[in-house]
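Structural description and commentary
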Amino acid sequence: MYKVIEGKEHALKIRYKIRENIAGMLNSAGRPPKLEVIIAGSDSASLYYASLIKNAGAKEGIEAAVNHMENPSENDVLETIDRLNKDDTVDGILIQLPLPPSLNKEKIINLINPLKDIDGQHPVNLGRLAAGQEGLFPATARAVLKIIKLNGIEISGKRTVVVGRSTAVGLPAAIMLIRENAAVSVCHSKTTPLEKFTSEAEILIVSAGKPGLISERHVKKGACVIDVGTNEVEGKMVGDVDFDSVIKKASVSPVKGGVGALTMACILENTFNAYKKNIHGNRT
Ligand code: NAP
C-alpha cells in the first residue's frame, strides 16, 4: 500500500490563517469580506456546493451570499453581474458552472470585473496566469498545486501528466506546474491510448469527470496521483481514479479529504485576497 495524499488537514490550517487575517483586518476595514455566488438554473450539485461555500465562509468570517436565479434570461444574469461589479462592498463574484445551455458562458464570464473574479475564469486572469503575472487564479488548479507541495512532493524536473484541459482545472494546473519546472504533458478526450502517456508520469493529475478512468494499468509504480474528479455514481461520490487498485501501486489523493477540501480553502483565500485589494484601494 502506498501513501494517501492528504488535503483536509492542510485545508484546515489555511482556513485558520484566513480567519486570523480577517479578524486582524476587521477593525480597520469596517466590514468583513463579501462573496456573491451566482447560480443560474437548478443544477443540484451547484446548489449544494453554494451552500457549502456559504457555510465555510461563515466559519472563517466571510459573508457569502447565494444569488439563485432558477430560470433567468441572459440579461438577468448580466444585470446581476453588473450590479455586483458596481457595488464596492462586494469583493468577489463566483459563477457556478455549468450554466444552462441557453446562456452564453463567454459573455457572462467576460462581464465579471477581473478583480472580483474569484475562480479566475476571466480571460484577463487566465492571461495573467499564462504571462506569469499576479491575478486571481482558478481555485481548483491552485488546490492541485497546494496538495502536491504541502505533501512534500518535489515538482521540479518531474515528468508530469495532466488529464483534462478545462479552463477551470486542467489548463491552469498545467501552466502552474510548468512554472514550477515540471515537464508537463496534457491529455484530453482525443488522446489515445491514454495509458501510453499516463503510465510514464511521476506526477499524474486527473480531472476528466469520468468515474474510474484511471486504473492500475494507467499508472507508473511509485507515482503520485492527484484525483480531482468528483462524480456521483449510484448516490456515491467517486473520483476519476480507481482508488482501491491504484493505491497498491502509487500514492493517491482521495476524493473525500483530498483536492476538494483545498479547493474550498482556495476559494476563501482568493476572496480574502480580493478583499485586501479592495479595502486598500489597490485595484490594478
Ligand atoms: P470539464 O470541463 O468537463 O473538462 C473535462 C476534461 O477532461 C476535458 O478537457 C476533456 O477533454 C477531458 N476528458 C474527458 N474524457 C476524457 C477521457 N476519456 N480521456 C481523457 N480526457 C478526457 O471538467 P472540469 O471542470 O475540468 O472537471 C473535471 C472533474 O473534476 C469533474 O468530475 C468535476 O466534478 C471535478 N471537479 C472537482 C473539483 C474539486 O474541488 N475536487 C473542482 C472542480 C471540478 P476534451 O477537452 O477533449 O473534451
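Scroll up for the structure.
The model shown is predicted, which means the values in this text are computed figures rather than measured ones. (Residues numbered from 1 in each chain as written. Predicted model: local features only at pLDDT ≥ 70, side-chain atom pairs only at ≥ 80, totals over all residues. Heavy atoms only, no water.)

What follows is about the site of the ligand. Around the ligand, the structure places 20 residues, and the nearest of them are Arg165, Ser166, Ser189, Thr230 and Thr263. Interatomic distance of 2.7 Å between a side-chain N/O atom of arginine 165 and an oxygen atom of the ligand. Between the ligand and the protein, one listed contact pairs an oxygen atom with a side-chain N or O atom of threonine 230 at 2.8 Å. For the ligand, the protein covers 69% of the area, taking 920 Å² as the surface of the free molecule. Tallied by class, the residues present in the shell around the ligand amount to six nonpolar, twelve polar and two charged. (Near = heavy atom within 4 Å. Polar contact = N/O pair within 3.5 Å; in protein donor to acceptor, adjacent residues only side chain to side chain. Areas by Shrake-Rupley, 256 points an atom, 1.4 Å probe, with all protein chains shown as cover. Nonpolar A, V, L, I, M, F, W, Y, C, P; charged D, E, K, R; others polar.)

Turning our attention to the pattern of salt bridges. Going through the model one piece at a time under the given rule, you end up with eleven salt bridges. Of the charged contacts in the structure, one is a salt bridge between lysine 86 and aspartate 82, with a shortest N-O distance of 2.8 Å. With lysine 86 and aspartate 82 both in helix 3 (residues 74–86) and four residues apart, the pair spans about one turn of that helix. The residue glutamate 180 makes a salt bridge to lysine 149 at a minimum N-O spacing of 2.9 Å. (Salt bridge = Lys/Arg side-chain N within 4 Å of Asp/Glu carboxyl O. Helix = DSSP H or I, 4+ residues; strand = E, 2+ residues; numbered from the N terminus.)

What follows covers the packing of aromatic side chains. If you walk through the whole model with that rule in mind, you get one aromatic pair. Ring centres of phenylalanine 272 and tyrosine 275 lie 6.1 Å apart, and the angle between their planes is 45°; this geometry places the pair in the tilted category. Taken as a pair, phenylalanine 272 and tyrosine 275 lie in helix 10 (residues 259–279) at a separation of three residues, close to a single helical turn. You'll find phenylalanine 272 and tyrosine 275 in the same group, each marked buried. (Phe/Tyr/Trp six-rings, centres within 6.5 Å; stacked < 30°, edge-to-face > 60°. Buried < 20%, exposed > 50% of the residue type's maximum accessible area, 1.4 Å probe, protein only.)

Before going further, it helps to examine the layout of surface pockets. Regions of empty space are outlined by a rolling probe, equal in size to a water molecule, passed over the atoms. The calculated volume of the largest pocket comes to roughly 1,900 Å³. Lining the largest pocket are 46 residues, with Tyr49, Leu52, Thr230, Gly260 and Thr263 positioned closest to its centre. Residue assignment for the lining of the largest pocket shows that the elements contributing at least two residues are helix 1 (8–29), helix 2 (44–60), strand 3 (92–95), helix 6 (139–150), strand 8 (231–233) and helix 10. The dominant element in the lining of the largest pocket, judged by the number of residues it contributes, is helix 2, at nine residues. The residue makeup of the lining of the largest pocket, split by class, is 22 nonpolar, 16 polar and eight charged. Shared between two domains, the lining of the largest pocket holds at least three residues of each, these being domain 1 (31–121) and domain 2 (139–260). (1 Å grid on protein atoms, 1.4 Å probe; cavity = no way out; pocket = protein on both sides within 12 Å on 5 of 7 lines; lining within 4 Å. Points joined across faces, edges and corners; volume = space filled by probe spheres on them. Domains from an automatic or database assignment.)

A word on empty space enclosed by the protein. Evaluated as defined, the whole model comprises one cavity of 30 Å³ or more. Taken as a whole, the largest cavity holds about 50 Å³ of empty space. Within the lining of the largest cavity, the residues separate by chemical class into five nonpolar, one polar and two charged.

Turning to the sheet that holds strand 2 (residues 63–69), a few remarks are in order. In any sheet, the strands associate via hydrogen bonds between backbone groups, in a parallel or an antiparallel arrangement. With parallel pairing, three strands are arranged side by side in an open sheet as 2-1-3. Two strands lie at the open edges of the sheet, namely strand 2 and strand 3, each paired on one side alone. Taken over all neighbouring pairs, the strand axes of this sheet differ in orientation by 20° on average, direction set aside. Bridging between strand 1 (residues 34–40) and strand 2 involves seven bridges; their strand directions are parallel. When the sheet's bridge partners are listed, leucine 35 is paired in strand 2 with alanine 64. Sitting on the sheet, helix 2 is in contact with strand 1, strand 2 and strand 3, with an inclination near 170° to strand 1. (Pairing = 2+ DSSP bridges. Axes fitted to C-alpha atoms, helices over the stretch in contact; angles between N-to-C directions. Contact = heavy atoms within 4.5 Å.)

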